[in-house]
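Overview (structure and organization)
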Protein chains: 2
Amino acid sequence: MRLSSLSDYAVVMMSAAARHCGGVRLNATLLAEETGVPLPTAQKLVSRLSSAGLLESTRGTGGGFRLSRPPAAISLADVIEAVEGPIALTACVEESRHDCAIEGSCRVRPHWTVVNTAVRGALAGVSLAQLSVEPVSQSAPHNAISRAPALAGAQE
Amino acid sequence: MRLSSLSDYAVVMMSAAARHCGGVRLNATLLAEETGVPLPTAQKLVSRLSSAGLLESTRGTGGGFRLSRPPAAISLADVIEAVEGPIALTACVEESRHDCAIEGSCRVRPHWTVVNTAVRGALAGVSLAQLSVEPVSQSAPHNAISRAPALAGAQE
DNA sequence: GCTAATCGGAACAAGATGGTCCGATTAGCT
DNA sequence: AGCTAATCGGACCATCTTGTTCCGATTAGC
């Protein structure tokens, strides 16, 4: 019941990209420095995001990425689905996946579809534009390093 | 964005347990046969569910398990949290986990808490009692084997 | 007091995830 | 026009969580 680290990183990166003006080109290196995401991981993410159609890429010297749509038209669900595929809490709610023997008489399945729709709606209701608003004064620069470096126990 | 197979199995098993009268004792073997969950996995699950307080266990010959609460008082969120811990989409929404460098000025975090609450609410709104109603006539016995044997691609 | 059946937790294997690297492509410069 | 340099794109490998399996501890019944 936790989304992958890549999705978390992707949301942060897209949020950072949305804060820039739509026109400027930014590359993976810049985004990695701003967000603190490791560079190779950032490269992998922008690759997936562009192949999913959320980013438009330009190769060659001076190339980079750009949001393909205005930030208000990109939701958390879009970003998550771009990174880790369709949102499906269980295998049986996913289309074209019918490998459950009791699917015909399963009483749990219809409820899963309802819950899944609710979850997806909660994610689709938040856009990148909403993530760009700054609740506090921009005192602290956000180019912090080691953002959530590990899901492992870094308690002590 | 998919819950673990163990949680899926646990929901099916708890749903099966809820269909029995509250008084009867059932053991892991019986539940495994009814639901198609592999027996060792079923044992592991009932162990976690009982340690979480959802099942009451009785050891020794003739022992077994029993729901500790009426089915209407057990929700999907209870079962999932019993199996895989607190529901937290990201590490930063979990209590006592503050290993994010930009947590103080992060604009994404407050939105994550909102989304997380919505997701948890969707799961808490479905009780085992609701899962027990039978939408179709009980034509097909549900002691089917190999319920979702793999999350791997079993397409062809 | 012994036996048998059950729960409980520890140990192992597998798949998925996350991180790293190198090659293909393209714009800019000489 | 050719070359160089910078960037994207995809393939490879280590790591971790997940899922499975097994064996020991406990307890009711005989």
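Residues numbered from 1 in each chain as written. Chains lettered and ligands numbered in written order. Predicted model: local features only at pLDDT ≥ 70, side-chain atom pairs only at ≥ 80, totals over all residues. Heavy atoms only, no water.

**So, the protein's contact with DNA strand C**
Close to DNA strand C lie 24 residues, the nearest being Ser5, Pro40 and Lys44 of chain A together with Ser57 and Phe65 of chain B. Side-chain polar atom of Thr61 of chain A to a base nitrogen of DNA strand C: 3.5 Å apart, as the coordinates give it. With respect to DNA strand C, the side chain of Ser47 of chain B contributes an N or O atom lying 3.5 Å from a phosphate oxygen. If you list the elements that add at least two residues to the surface near DNA strand C, you get helix H1 (5–19) and helix H3 (39–51) of chain A together with helix H3 (39–51), strand S1 (55–58) and strand S2 (64–67) of chain B. Among the elements that take part in the surface near DNA strand C, H3 of chain A stands out by supplying four residues, more than any other. Each residue belonging to the surface near DNA strand C can be placed in one class, and the counts come to six nonpolar, 14 polar and four charged. (Near = heavy atom within 4 Å. Polar contact = N/O pair within 3.5 Å; in protein donor to acceptor, adjacent residues only side chain to side chain. Helix = DSSP H or I, 4+ residues; strand = E, 2+ residues; numbered from the N terminus. Nonpolar A, V, L, I, M, F, W, Y, C, P; charged D, E, K, R; others polar.)

**Things to note about the protein's contact with DNA strand D**
Taken together, 22 residues are adjacent to DNA strand D, and Ser57 and Phe65 of chain A together with Ser5, Pro40 and Lys44 of chain B come closest. Near-protein atoms of DNA strand D (within 4 Å) split between backbone and bases, with sugar and phosphate holding 68%. Between DNA strand D and Ser50 of chain A there is a distance of 3.1 Å, counted from a phosphate oxygen to a side-chain nitrogen or oxygen. Ser57 of chain A is positioned with one of its side-chain polar atoms (N or O) 2.9 Å from a phosphate oxygen of DNA strand D. With four residues, the top contributor of residues to the surface near DNA strand D is H3 of chain B. Looking at the surface near DNA strand D residue by residue, the classes come out as five nonpolar, 14 polar and three charged.

**Observations concerning the packing of helix H4 (residues 76–84) of chain B against helix H5 (residues 109–124) of chain B**
Residue and element names in this part refer to chain B. One can describe the packing of H4 onto H5 by two numbers: an axis separation of 6 Å at closest approach and a directional angle of 110 degrees. Relative to H5, the element H4 lies roughly perpendicular. Judged by residue contacts, Leu76, Ala77, Ile80 and Glu81 of H4 engage Arg120, Leu123 and Ala124 from H5. Class assignment of the residues belonging to the contact of H4 with H5 gives a composition of five nonpolar, no polar and two charged. (Axes fitted to C-alpha atoms, helices over the stretch in contact; angles between N-to-C directions. Parallel < 35°, antiparallel > 145°, perpendicular 65-115°, else oblique. Contact = heavy atoms within 4.5 Å.)

**Structural notes on the pairing of S1 of chain B**
All names here are of chain B. Two elements, S1 and S2, share four bridges in a ladder whose sense is antiparallel. If you follow Ser57 over to S2, its bridge partner there is Phe65. Counted between consecutive antiparallel strands, the loop separating S1 from S2 contains five residues, among which Gly60 sits at a positive phi close to 90 degrees. (Pairing = 2+ DSSP bridges.)

**Thoughts on the nonpolar core**
With 90 residues, the main nonpolar core has Trp112 and Leu123 of chain A together with Trp112 and Leu123 of chain B as its most contacted residues. For Trp112 of chain B, the contacting residues outside a window of four places in its chain are Leu3, Asp8, Val11, Leu76, Ile80 and Leu123 of chain A together with Leu89, Thr90, Cys92 and Val93 of chain B. (Core = buried A, V, L, I, M, F, W, Y, C linked by side-chain atoms within 4.5 Å. Buried < 20%, exposed > 50% of the residue type's maximum accessible area, 1.4 Å probe, protein only.)

**Topic: the confidence of the model for chain A**
Overall, the prediction assigns chain A a mean pLDDT of 80, with 78% of residues at 70 or greater. Residue range residues 136–156 of chain A is modelled with pLDDT below 50. Its contacts to residues more than four positions away, or to other chains, number 39 contacts. (pLDDT = per-residue confidence, 0-100.)

**Some points on the pattern of salt bridges**
Residues and elements named next belong to chain B. What the rule picks out here adds up to eight salt bridges over all chains. Where Arg19 meets Glu34, a salt bridge forms, and the shortest distance between an N and an O atom there is 3.9 Å. Taken together, the residues span a long stretch of sequence, with Arg19 in helix H1 (residues 5–19) and Glu34 in helix H2 (residues 28–35) at a distance of 15 residues. Between Arg66 and Glu56 there is a salt bridge whose closest N-O contact spans 2.8 Å. Linking Arg66 in strand S2 with Glu56 in strand S1, this pair joins segments that are 10 residues apart in sequence. On the basis of relative accessible area, Arg66 is assigned to the partly exposed category, the value being 27%. In this structure Glu56 comes out as partly exposed when scored by relative accessible area, which is 36%. (Salt bridge = Lys/Arg side-chain N within 4 Å of Asp/Glu carboxyl O.)

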